[in-house]
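# Topology and contacts: notes
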Amino acid sequence: MEILTILIPVSLFLGGIGLAAFFWALKRGQFDDPQGDASRILTTEYDDQPKR
Amino acid sequence: MTIAERIETGETAGGISACPACVAAPSAERLAQMAAGGDARLMLSIPTAHCAACISTVEHALQALPGVRSARVNLTMKRVSVDADPAVDAAPLIEALNGVGYEAHELDAGLLSATETDRQGRDLLMRLGVAFFSMMNVMLLSVAVWSGAGDATRDMFHWISGAIALPTVVFAGQPFFKSAWASLRVGRLGMDVPISLALILASGISLFETIHSGHHAYFDAAVMLAFFLLLGRYLDHRTRAVARSAAEELAALEVPRATVLRDGEELVVPISDLAAGELVRVRPGGRMPVDGVVVEGTSEIDRSLLTGESLPAWAGPNSVVSAGEVNLTGPLMLRVTAAGRDSSLHRMADLVAVAESAKTKYTSLAERAARAYSPLVHLLSFSAFGYWMWATGGDIRFAVNISAAVLIITCPCALGLAVPAVVTAASGKLFRKGLLIKDGTALERLAEVDTVVFDKTGTLTMGAPELTNLGDHPRQATEVALALALASGHPLAQALAQAARAAGLQPAPVTDLREVPGYGIEGQWRDQTVRLGRAGWCGAEGDLGVTATWLCTGDRQPRPFTFTDRLRPGAEAAIAGLRAEGKAIRLISGDTEGAVAALAARLGITDYTSGALPAEKAALLADLTAQGRRVLMVGDGLNDTAALAAAHVSISPASALDAARTASDIVLLGQDMAPIADATRIARQSAARIKENFGISALYNVIAVPLALVGAATPLAAALAMSLSSISVTLNALRLK
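Residues numbered from 1 in each chain as written. Chains lettered and ligands numbered in written order. Predicted model: local features only at pLDDT ≥ 70, side-chain atom pairs only at ≥ 80, totals over all residues.

- An unreviewed UniProt entry lists chain B under the name Heavy metal translocating P-type ATPase, from Gemmobacter denitrificans.
- Turning to chain B, the UniProt annotation filed under Subcellular location (unreviewed entry) states: "Cell membrane". (UniProt positions renumbered as here; feature names shortened; annotations may be inferred.)

- By the naming in an unreviewed UniProt entry, chain A is Cbb3-type cytochrome oxidase assembly protein CcoS, taken from Gemmobacter denitrificans.

Printed below as a string of structure tokens:
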């Protein structure tokens with residue numbers, strides 16, 4: 001059972017990384033236009049004006 | 001040049017400055033530079049954009065224009081935001097987009113409110129993310145407890161769960177706590193009161209049990225509750241945010257300023273500063289800012305938005321004009337008879353206010369459910385507490401445990417999702433078809449509709465004339481007419497020119513072109529005077545009963561060019577679709593009998609009214625409502641606004657006046673009218689789905705509540721009931737076709 005003292009903090013830490021990544025994406029406005037982003041990967045041109 | 005680059009150059013300049021004071025100078029300069037070349041951010045709505053190719057076409061078309069720095073399409077919201085020089089106006093952008101085949105409408109750059117809704121959405125999404133993270137982790141630990149972890153291990157797991165869940169409930173539950181507090185303060189029992197109570201009670205009791213090494217902790221239930229309810233709240237917010245940003249920010253058409261003549265000088269002043277008796281100048285193409293009498297100049301005026309008349313009316317000295325009418329051909333000088341509050345525009349607004357106050361407030365399905373549900377839940381929970389206090393002889397811990405379990409199990413996860421999930425699915429479907437739902441309950445009201453009332457000009461028709469008898473005239477006559485028509489900005493002349501050009505005709509060499517405001521265009525062709533314009537001016541006799549402009553060449557017989565108001569695409573399909581659904585259809589217009597009858601015959605509408613005044617339109621709507629009919633009103637003009645407000649539910653096209661769009665519940669974004677028939681079908685389906693969803697969540701409660709009442713509900717049972725009901729409700733919403 002001692003393994004739990006390592007595994008539980010590890011799982012929480014990994015989950016925390018996911019949460020931080022979600023916050024980062026949210027702040028950068030990556031959820032503002034899901035439909036547009038899905039379409040943009042299909043265009044052949046390089047998107048040189050990504051949203052700030 | 002981007003802002004980042006500009007800041008860099010500013011810093012290098014500052015770096016080489018010698019004195020501390022000089023360091024500040026370049027940055028001030030930089031600020032000035034940024035302000036001068038600052039962000040002129042324009043927002044356009046592009047209702048027909050739908051694919052990857054659309055994105056690049058629209059962006060390229062806009063970026064090719066001078067002064068445009070960048071353009072970015074948001075396909076989800078169907079708009080494009082343009083960064084441009086301050087000098088750039090929306091008109092050329094819209095023209096460029098029309099040129100590549102996209103409809104565009106300007107959105108008011110009321111960016112402040114847009115960022116405000118964005119901020120709220122992000123805030124909810126962030127809380128949702130935190131709740132999701134906690135739910136997953138706590139669930140992991142709870143599964144271990146459910147599958148038999150005992151003693152010290154169970155306590156440790158409970159403690160870890162508590163450490164994750166308590167901060168989460170405090171953070172993620174805030175929207176519920178706030179609104180529960182707000183409703184309690186005014187003495188109401190909203191849906192958020194039992195939610196908050198369940199969240200607090202579940203966390204409190206779990207903490208107590210953990211401290212005393214109890215067997216059951218409801219931390220997982222508390223965070224799961226927060227997650228599912230936040231999900232419902234977020235969906236609800238998103239539906240409303242999309243609608244608000246597009247519909248209510250469509251730029252106003254009313255002129256806020258007028259050119260007034262004071263002491264021989266022309267001044268531009270706000271309309272509110274005008275007084276009766278002052279002289280106001282209105283240029284061709286301008287909208288009348290006030291009610292007045294013409295004192296100088298002749299012209300033709302377009303009254304369609306105010307009265308529904310499709311024919312332009314002649315105006316000369318002593319003609320009476322009303323605010324909101326459009327001056328077409330010649331400059332006019334008006335003496336103000338009524339401005340601001342007293343003008344006909346404002347009287348129309350008053351009519352709308354009256355219609356709105358007369359309308360009974362609609363109680364949405366969700367409100368009705370909450371009204372029945374909240375007291376019931378509290379009653380159940382309290383009686384469970386009372387009963388077990390009595391039955392166990394005062395075991396508070398056990399009694400509180402039972403009443404908390406009842407609250408948690410009955411808590412409206414599924415109920416909170418039942419409406420938003422369906423409305424999101426339905427409005428998403430309708431948005432893709434080009435209909436924007438402005439009001440959350442509009443779909444429910446649309447589902448009940450049994451009568452549809454249409455306006456004519458600008459709604460069933462485009463409000464733009466179309467030449468009908470091009471083939472009846474010899475080529476030469478048409479070429480002369482084309483040459484004359486090209487010299488005018490009058491709608492009939494423009495329609496004639498467009499039709500003749502489309503037929504491949506070239507203008508004849510007509511010289512000395514001269515527009516006679518209010519009458520027509522005159523020129524010299526082969527030493528003859530040629531005229532295109534009003535029948536009387538041309539020497540033609542008689543009324544054809546249709547819109548027409550006349551061509552006369554010297555002494556020859558005048559030739560009429562007749563026009564019809566073009567039918568809106570999809571109008572026939574929409575009416576056929578509505579009729580197939582068994583709805584009664586009526587046409588009511590302010591236009592003349594002949595024009596209305598012709599359109600009604602073309603569309604097969606037997607029940608029509610012509611020459612209706614705005615108040616009559618509203619009265620007809622009120623009359624139909626009094627007969628117990630649920631009326632859908634479709635209209636665009638100022639004269640329809642009161643009727644739109646009085647109807648059970650209303651639709652207006654995006655080309656409608658600001659006031660009409662504000663008064664209506666649904667905005668038709670594209671030109672095509674066919675989606676209206678789909679909308680009523682989807683609305684009926686979604687109302688059915690919402691009711692099914694209520695049924696599903698009630699079913700889960702019927703099974704789980706007795707278990708909770710007798711004290712047999714475990715945290716596992718609560719988790720199962722909650723997640724299963726939420727998932728089945730969401731899946732049911734997605735069945736919408």
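### A few points about the overall build of chain A
- For chain A, the helix and strand inventory stands at two helices and zero strands.
- Expressed as a percentage of the 52 residues in chain A, the buried residues total 6%. (Helix = DSSP H or I, 4+ residues; strand = E, 2+ residues; numbered from the N terminus. Buried ≥ 20, exposed ≤ 12 C-beta atoms within 10 Å, placed from the backbone.)

### Describing the environment of Val596(B)
All names here are of chain B.
- Within the secondary structure, Val-596 is located in helix H21 (residues 593–603).
- Judged by the 24 C-beta atoms lying within 10 Å of it, Val-596 falls in the buried class.
- Sequence-distant contacts of Val-596, defined by excluding residues within four places in its chain, comprise Lys-456, Leu-587, Ser-589, Asp-591, Tyr-608 and Ser-610. (Contact = placed C-beta atoms within 7 Å.)

### Points about the environment of Ala276(B)
Residues and elements named next belong to chain B.
- Here Ala-276 shows up in the loop between strand S6 (265–270) and strand S7 (279–282).
- Using a count of 14 C-beta atoms within 10 Å as the deciding quantity, one classes Ala-276 as partly exposed.
- Residues Ala-276 and Val-143, spaced 133 residues apart in sequence, show a C-alpha to C-alpha distance of 79 Å.
- Discounting chain neighbours no more than four positions away, the residues touching Ala-276 are Val-336, Thr-337, Ala-338 and Ala-339.

### Overview of the UniProt feature "transmembrane region" (unreviewed entry) in chain A
- When the UniProt feature table is mapped to this numbering, "transmembrane region" (unreviewed entry) covers residues 6–26 of chain A.
- Across residues 6–26 of chain A one finds 100% helix and 0% strand; the C-alpha atoms that close the span lie 30 Å apart.

### Re the nonpolar core
Residue and element names in this part refer to chain B.
- Ranked by size, the top nonpolar core spans 142 residues in total, and within it Ala-222, Val-223, Leu-225, Ala-226, Phe-227 and Ile-408 carry the most contacts.
- With 14 residues, the single largest contributor to this core is helix H9 (residues 219–247).
- Beyond its immediate sequence surroundings of up to four residues, Val-223 is in contact with Ala-131, Ser-134, Met-135, Val-138, Ala-165, Thr-168 and Val-169.
- By size, the runner-up hydrophobic cluster in this structure holds 24 residues, among which are Val-530, Trp-550, Cys-552 and Phe-561. (Core = buried A, V, L, I, M, F, W, Y, C linked by C-beta atoms within 7 Å.)

### Let's talk about the pairing of strand S13 (residues 332–338) of chain B
Residue and element names in this part refer to chain B.
- Taken together, the four bridges between S7 and S13 define a ladder with antiparallel strand orientation. Note that in S13 the partner of Val-282 across the bridge is Leu-332.
- The pairing of strand S8 (residues 291–296) with S13 spans five bridges and is antiparallel. Each bridged residue has a counterpart across the sheet, and for Val-293 the counterpart in S13 is Arg-335. (Pairing = 2+ DSSP bridges.)

### A few points about the packing of helix H17 (residues 475–485) of chain B against helix H18 (residues 491–502) of chain B
Residues and elements named next belong to chain B.
- Orientation of H17 relative to H18, taken along the N-to-C sense of each, is 130 degrees, at an axis distance of 9 Å. The orientation of H17 relative to H18 falls into the category oblique. By crossing handedness, the relation of H17 to H18 is classed as left-handed. Along its contact with H17, which presents Thr-478, Ala-481, Leu-482 and Ala-485, the element H18 presents Ala-493, Leu-496, Ala-497 and Ala-500. (Axes fitted to C-alpha atoms, helices over the stretch in contact; angles between N-to-C directions. Parallel < 35°, antiparallel > 145°, perpendicular 65-115°, else oblique. Left-handed = near helix turned anticlockwise from the far one by under 90°.)

### Section: unusual backbone geometry
Residue and element names in this part refer to chain B.
- A positive phi is found at Ser-213, a non-glycine position, where the angle reads about 55 degrees.
- Looking at where Ser-213 falls in the secondary structure, it is placed in the loop between helix H8 (192–211) and H9.
- In this structure, Asp-512 takes a positive phi of about 55 degrees despite not being glycine.
- Mapped onto the secondary structure, Asp-512 falls in strand S17 (residues 511–516).
- Residue Asp-512 is classed as exposed on the basis of its 10 C-beta neighbours within 10 Å.

### Thoughts on the UniProt feature "transmembrane region" (unreviewed entry) in chain B
Residues and elements named next belong to chain B.
- With numbering matched to this structure, UniProt assigns "transmembrane region" (unreviewed entry) to residues 128–150, 156–177, 189–211, 217–235, 372–390, 402–423 and 694–710.
- Segment residues 128–150 splits into 83% helix and 0% strand. End C-alpha atoms: 32 Å apart.
- Helix makes up 94% of residues 694–710 and strand makes up 0%, while its end C-alpha atoms are separated by 25 Å.

### As for the confidence of the model for chain B
Residue and element names in this part refer to chain B.
- Looking at chain B, the pLDDT average stands at 79 and 85% of residues meet or exceed 70.
- The model gives residues 246–255 a pLDDT under 50, and that stretch makes 29 contacts with residues more than four places away or in other chains.
- Both scores are given for the predicted complex: the pTM is 0.71, the ipTM 0.84. (pLDDT = per-residue confidence, 0-100.)

### A look at the interface of chain A and chain B
- Taken together, the contacts link 22 residues of chain A with 20 residues of chain B.
- If you list the elements that add at least two residues to the side of chain A that touches chain B, you get helix H1 (3–27) and helix H2 (34–40) of chain A.
- If one sorts the elements of the side of chain A that touches chain B by residue count, H1(A) sits on top with eight residues.
- Considered class by class, the residues forming the side of chain A that touches chain B number ten nonpolar, seven polar and five charged. (Nonpolar A, V, L, I, M, F, W, Y, C, P; charged D, E, K, R; others polar.)

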